[in-house]
Amino acid sequence: MKKYICMLLILCLSVLSAACNNKLPQPVKSEDFALGTIIDQDVYGANAQKASVEVFAKIKELDALWTINSPGGDINKLNDHAGLGYVELKPETITILNEARKISDLSSGAAFDITVAPLVKAWGIGTDHPRLPADNVVKQLVSLVNYKDIIIDQATNSAALQKKGQMVDLGGIAKGYIGDIVTDIYKKNGITSAVANLGGNVVVLGSKPDGSPWKIGIQNPRSETSDIVGVVEVTDKAVVTSGDYQRYFIEDGKRYCHIIDPRTGYPIDSGLMSVTIIASSSADADGLAKAIVLGLDKGMELVKNYGKAEAIFITADKKIFVTPGLEDKFRLEDASHEYTYVQNGG
Ligand code: ADP
Ligand code: MG
C-alpha cells in the first residue's frame, strides 16, 4: 500500500511540474550569421517569430551597407572618395557616422576612432594574413587617423573624408549600433522580453518573463573554451565587451590584437585584457568598450565621465574591477580560480 501512495505522489509531482513548465512562456529561438559573427535571439511574446525575422533582415541590410570586407556599400563609397569631397550616403549611415564622432569626442579620439581603418588594414588582424607592418609604415598611416576629418553635411546626407588615403571602419561600433536597432524592432512589435547576442555584443529587452533580471556571463579572456569569470544581472541594457582575445595573432611570444591604439597605430598594450560596458545605449557601450585602449585608470575615468554606464575591467594580471554601481550586480563565477575580484576599487 505504502508503495502505491509513494508512486502516486511521484506521479502527482511530475504532472504538477509538467503543468508548471508548460505555463512558463517559451522563447522563439533563432540563429543566423551576419556581421562576421553568429547572431542569436531569444524572443518572447505573440510577435516573437515576426520580430526575429525582421531583425535578421535588417541586420543583413546594414551589414551590406557598412562592411568594408566586401565590395559595394556606403562605407566603401566613402572610403573610395577620400580626399575628393562629399558623397551622398543613406541617412542611417550619416547617423552612425555622427554617433561615432560623438563617441570619439568622449576621449578626444584617444580610445575610439573609426579612422584607424588604414592601420586595421595594414595589420590584417583577424584576416588569414596578419602581419607586423614596418615602423615607418605605421608612422605614416597613423598620421591619417583623425575622426575630425570625417565631415558631415546633414542637409544633403553627405559625408567626406578630408585626406586621400583616409578610411573608416565601423567594426568597433556597428554591432553596438545595430543592437539598438534590434531592440527598437522588438519594441515596435510589442515585445517586452528578449535577448539578442550579436557575437558577444548582448542586448536585453526588459527582464526575463518571470520578472527576474537577465544573467549575462562575462568571458574569461584566456579560456580556450569560452568559460566565464562572472555573471552580471541586467534589465533593459546592452552588455558589450572588447577584449584582446577576440581576434589576435602571436609573434615572438607577443600578442597583437585587433584593437588599435589610435595614438600610436599599434595594437593595444594597456595592461587590460577586456572591458565590458553595461549601458542603455548599445552603440555607446560598444564605443566606450574601447576604453580598453587607455588602461585601467584612464579607462575608468572615461566611463565615469560618460556618466550613464557601468563597467567591468579585467587586467592582464587577472584582477577584476567594476564600477561602484555594479558591485551588487556582478558575481564572480570563476571555475579557473585564477581571477581576483577587487571590490571597492581595491
Ligand atoms: P569585436 O566586437 O568585433 O570583437 P570590437 O568591438 O572590440 O570588435 O572592435 C574592434 C574592431 O574595431 C576592429 O576589428 C577594428 O575593425 C575596429 N577598431 C580597432 N581599433 C579601434 C579603435 N581604437 N577605435 C575604433 N575602432 C577600432
Ligand atoms: Mg564590439
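Rules behind the numbers
- Counting starts from 1 at the beginning of each chain's written sequence and moves along it residue by residue.
- Here chains are named by letter from A upward and ligands by number from 1 upward, in the order in which they appear as written.
- Whole-chain, interface and lining totals are the exception, using all residues; otherwise, since this is a predicted model, local features are given only for residues with pLDDT of at least 70 and side-chain atom pairs are given and counted only at 80 or more.
- Side-chain measures here rest on the full set of heavy atoms in the structure, leaving out hydrogens and waters.
- Domains are outlined according to an automatic or database domain assignment.
- Only heavy atoms matter for contacts: two residues are in contact if any of them lie within 4.5 Å across the pair.
- Criterion for a salt bridge: a side-chain nitrogen of Lys or Arg within 4 Å of a carboxyl oxygen of Asp or Glu.
- Think of a polar contact as two N or O atoms within 3.5 Å of one another; within protein, one of them needs to be a possible hydrogen donor and the other a possible acceptor, and neighboring residues in sequence only count if both atoms come from side chains.
- Neighbouring residues are identified by heavy atoms, a residue being near a molecule or strand if any of them is within 4 Å of it.
- Three classes are used: nonpolar for Ala, Val, Leu, Ile, Met, Phe, Trp, Tyr, Cys and Pro, charged for Asp, Glu, Lys and Arg, and polar for all others, with Gly counted as polar.

*Asks:* Would you mind going over the domain arrangement of the protein chain with me for this structure?
*Replies:* Bring the parts together and some accessible area is lost; that lost area is often taken as the interface size. One can read the domain layout of the protein chain as domain 1 (4-62 + 173-342) and domain 2 (71-170). Spacing between the C-alpha centres of domain 1 and domain 2 amounts to 27 Å. Between domain 1 and domain 2, the contact holds 31 residues from the first and 29 residues from the second. The tally of links between domain 1 and domain 2 comes to two salt bridges. Here aspartate 284 and lysine 102 are joined by a salt bridge, their closest N and O atoms 3.4 Å apart. Our enumeration of links across domain 1 and domain 2 arrives at six residue pairs in polar contact (both at pLDDT 80 or more).

*Asks:* Sorry if this is basic, but what is going on with the site of ligand 1 here?
*Replies:* Taken together, 19 residues form the shell around ligand 1, and within it Asp169, Ser242, Arg247, Ile260 and Lys290 come nearest. Serine 242 places a polar side-chain atom, nitrogen or oxygen, 2.7 Å from an oxygen atom of ligand 1. The side chain of aspartate 286 places a nitrogen or oxygen atom 3.3 Å from an oxygen atom of ligand 1. Partitioning the shell around ligand 1 into residue classes produces seven nonpolar, six polar and six charged. Counting contributing residues per domain, the shell around ligand 1 is built from domain 1 (4-62 + 173-342) and domain 2 (71-170), each supplying no fewer than three.

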